Structure formats: structure tokens, C-alpha cells
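# Structural description and commentary
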Amino acid sequence: MPFETTRFAPSPTGRLHLGHARSALFAQDRTEGGRFLLRIEDIDTGRCRPEYEQAIYEDLHWLGLCWEDPVRRQSDHFAEYREALDRLENLTVLYPCFCTRKDIGEAPSAPHGPDGAIYPGTCRDLSRTEKESRMASGKPYALRLDTAKALRTVSGPLRWHDRARGWQEARPEIFGDVVLARKDTPASYHLCVALDDHLQGITLVTRGADLFEATHLHRLLQALLDCNVPEYHHHPLLLDEHGHRFAKRNSSVTLAHLRDKGVTAEQIRQQVTC
Ligand code: GLU
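A few points on the structure. Here the structure is a predicted model, which means the values were calculated and not measured. (Residues numbered from 1 in each chain as written. Predicted model: local features only at pLDDT ≥ 70, side-chain atom pairs only at ≥ 80, totals over all residues. Heavy atoms only, no water.)

What the chain contains, in helices and strands, is 10 helices and 12 strands. Referenced to the eigenvectors of the C-alpha coordinate spread, the extents of the chain come out at roughly 65 × 35 × 35 Å. The burial tally for the chain puts 49% of its 274 residues in the buried class. Look at the contacts in the chain between residues 6 or more apart in sequence, and 81% of them connect residues 24 or more apart. A total accessible area of about 13600 Å² is found for the chain, and carbon and sulfur atoms account for 50% of it. Mean positive and mean negative side-chain charge positions of the chain (36 and 39 charges, respectively) differ by 3 Å. (Helix = DSSP H or I, 4+ residues; strand = E, 2+ residues; numbered from the N terminus. Buried < 20%, exposed > 50% of the residue type's maximum accessible area, 1.4 Å probe, protein only. Contact = heavy atoms within 4.5 Å. Areas by Shrake-Rupley, 256 points an atom, 1.4 Å probe, with all protein chains shown as cover. Lys, Arg positive; Asp, Glu negative; His and termini not counted. Charge placed at Lys NZ, Arg CZ, Asp CG, Glu CD.)

Where side chains of opposite charge bring their charged atoms close, a pairing between them can arise. In total, this model carries 24 salt bridges according to the counting rule given. The closest approach of N and O atoms between Arg 82 and Asp 86, which form a salt bridge, is 2.8 Å. Note that Arg 82 and Asp 86 are positioned in helix 3 (residues 78–90) at a spacing of 4 residues, about one turn of the helix. Salt-bridge contacts for Arg 134 lead to Glu 130; the nearest nitrogen and oxygen are separated by 2.7 Å. Placement of the pair is Arg 134 and Glu 130 together in helix 5 (residues 128–136), with a separation of 4 residues, close to one helical turn. With a relative accessible area of 25%, Arg 134 lands in the partly exposed category. The exposure class of Glu 130 is partly exposed, given its relative accessible area of 30%. (Salt bridge = Lys/Arg side-chain N within 4 Å of Asp/Glu carboxyl O.)

Let's shift gears to the packing of aromatic side chains. On inspection of all chains with the given rule, the structure shows 5 aromatic pairs. Measuring from ring centre to ring centre gives 5.5 Å for Trp 160 and Tyr 232, while their planes differ by 75°; the resulting arrangement is edge-to-face. Of the two residues, Trp 160 sits in strand 8 (residues 159–162) while Tyr 232 sits in strand 12 (residues 231–235), which places them 72 residues apart along the sequence. A residue is classified by how much of its surface remains accessible, and Tyr 232, at 1% relative accessible area, is buried. Connected via pairs of aromatic rings, a cluster forms that spans Trp 160, Phe 212 and Tyr 232. The cationic tip of Arg 30 hangs over the ring face of Phe 26; the distance from NZ or CZ to the ring centre is 3.5 Å. The ring of Phe 212 carries the charged tip of Arg 165 above its face, separated from the ring centre by 3.6 Å. (Phe/Tyr/Trp six-rings, centres within 6.5 Å; stacked < 30°, edge-to-face > 60°. Lys NZ or Arg CZ within 6 Å of the ring centre and 35° of its normal.)

We now examine the packing of helix 1 (residues 18–29) against helix 10 (residues 265–272). A pair of packed helices can be characterised by two numbers: the angle between their axes and the separation between those axes. Across the interface, helix 1 lies against helix 10 with an axial gap of 9 Å and an inter-helix angle of 85°. Accordingly, the angle class assigned to the pair helix 1 and helix 10 is roughly perpendicular. Contacts between helix 1 and helix 10 involve Leu 18, Ala 21, Arg 22, Leu 25 and Asp 29 from the former and Ile 268, Arg 269, Gln 271 and Val 272 from the latter. Considered class by class, the residues forming the contact of helix 1 with helix 10 number 5 nonpolar, 1 polar and 3 charged. (Axes fitted to C-alpha atoms, helices over the stretch in contact; angles between N-to-C directions. Parallel < 35°, antiparallel > 145°, perpendicular 65-115°, else oblique. Nonpolar A, V, L, I, M, F, W, Y, C, P; charged D, E, K, R; others polar.)

Here we take up the pairing of strand 4 (residues 94–97). Side chains Leu 94 and Pro 96 of strand 4 all project onto a buried face; the interleaved residues Tyr 95 and Cys 97 project onto the opposite face, where all are buried too. Where strand 4 lies against strand 7 (residues 142–145), 4 bridges are found, and the strand directions are antiparallel. When the sheet's bridge partners are listed, Cys 97 is paired in strand 7 with Ala 142. (Pairing = 2+ DSSP bridges.)

So, about the nonpolar core. Counting 35 residues, the largest nonpolar core has Leu 88, Leu 145, Leu 180, Leu 191, Leu 221 and Leu 224 as the members making the most contacts within it. Contributions of two or more residues to this core are made by helix 3, strand 7, strand 10 (179–181), helix 7 (189–199) and helix 8 (214–224). Not counting residues up to four positions away in its chain, the partners in contact with Leu 88 are Val 93, Leu 94, Leu 180, Leu 191, Leu 221, Leu 224 and Leu 225. Counting residues in hydrophobic clusters, the runner-up holds 23 residues, among them Leu 16, Leu 18, Ala 24 and Ile 268. (Core = buried A, V, L, I, M, F, W, Y, C linked by side-chain atoms within 4.5 Å.)

With 10 of 11 residues buried, helix 8 lies mostly within the body of the structure. By the burial criterion, the buried members of helix 8 are Ala 214, Thr 215, His 216, Leu 217, His 218, Arg 219, Leu 220, Leu 221, Gln 222 and Leu 224. Once helix 8 ends, the next one or two residues include Asp 226, with phi positive near 55°.

Let us look at the sheet that holds strand 4. With antiparallel pairing, the 3 strands of this open sheet are ordered in space as 4-7-10. In this open sheet, the two edge strands, each paired with only one partner strand, are strand 4 and strand 10. Averaged over all neighbouring strand pairs, the angle between strand axes comes to 45°, with direction disregarded. Of the pairings in the sheet, the one linking strand 7 to strand 10 comprises 2 bridges and is antiparallel in character. Considered in strand 10, the bridge of Arg 144 is made with Val 179.

See below:
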């Protein structure tokens, strides 16, 4: 399909490695003469660093990628994410959760979803008075999506299309009641991605197969927030010789290191293209 708008959305928490090169080139190669956008996913302000953001631009230019200006930097848009949370609150599909990470981790034999332990729902049915008094006491809380209620709120079955794996019925319930905001990170990855892909007019979301399940949840958020539903293409992850994913902490596979060793951008392209 011609004229796609695709994007590459790295987080500036370390140097880009070969796995990122695959994702970035995969996205640009699928624009079919359309648009390629870059998004800096830096909502986790405690872990993101400006020098890594600069390094992203440098590494991507070296790879030969061109993107449109301005780059969307998520940390510039907290007000938009807050407004999306307000819309979800108006739909009454959010609730404050006062459990600490420790409280949740301690739940014996908790079932797990793609993002870790599934929340047992402890705070889901707190009375209004209880919620208000805990909030007034200054106790920190997260905002969780009441996923079952959210699914009842949207009309019809939700589907999405993956170019590699075909039509999918959305199963956001595999995540349980996910956190969409917390005190230290006022908007979650899932919320920002669903909204940003819509606001940036992305028609084809390409990303690694490790995020395949996340799309089930993004599809629900799109329905709740009246967002456009893009096409998806989750590509196979690039693995090292031991069958492991590349990690930012492994400096030997960063693009900067390979470039310093004399590897060319064309050689990287050949190595990562799938
Ligand atoms: N920021 C995410 C990452 O670095 C990618 C998110 C996406 O492509 O949806 O893994």
C-alpha cells in the first residue's frame, strides 16, 4: 500500500544497538514513498538522558535515515496525556490504586501478563469515601484501567491487523488492570503510544515482535480515546549468536562502537534487514 506514515520511537535510556537499527530501517523501508517520523519516548524522565537523545540523532543520521521535523518528544506533551487521562476518568474506566509495588509483588502465585504480575484488583471496588479519604491523606496512588469495564464501554469486538500474522481479536484482558499513570511517571508507555500514533497520523506501526501483545491493549485505548487504528507489522527480533536479544547495556553491539571499529552503515543494513 503506497504512502504509509511510519515511525521509529526509541527511548533515550542508552545508546542504540543493532536491534534498534533493524526497527528503524524496517520502519523507513515501509513508507513506500510516504512519511517517516521519529518520536523520542522520554516519559520516564528519571532514566532518560539528553545526551542519549543527541546520540540517537547522530546514530540514525549515520545509518542514512531522514525524518521529518519537528521530532515529537513525549516529555513536551504531558498536558495532552493528562487530557487523555481526564477523558478516561470521565468514562469512569480509571480508578486510583494505592497498592505499593511491594504489595502487588507479594501476592502469592499471582498470574502473569505481558507486563508482569496481573493486578489482583485490590483497589478496584474501594468506596468513594475510602478513595477520597486516602487521596486526601496524601498517600501516593497510580491510575489503573478497569479493563473489564473499559471493554464493556466500547462497542463491538475490537480487531487489529498485523501484516505478518493477519487479523487479530484484541485481548487487552491479558494485561489485567494496567497502570496508565503514576506519581513518578504521569503517563504510561501504553497511553502515550496509543495517543501519539493517532496524533502523528501513523498509518503503519512497525516494531519488534516483543511488543505484539501490547497492541491488544493499545487497540482498547484507541477505542476509548477515539483514535485512528493503524495497521501493524511486528518484525522478528534480532538475536545474538546465543539467541538472546540485544541489550543497551551490552556496549559491543552499539552502533557507536561498531562505527568506531570501522563497520559501515551499509554493512549494518545488510546484517539487520529481515
Ligand atoms: N519506545 C519503545 C522502545 O524503545 C518502542 C515503542 C513502540 O515502537 O511502540 O522499545
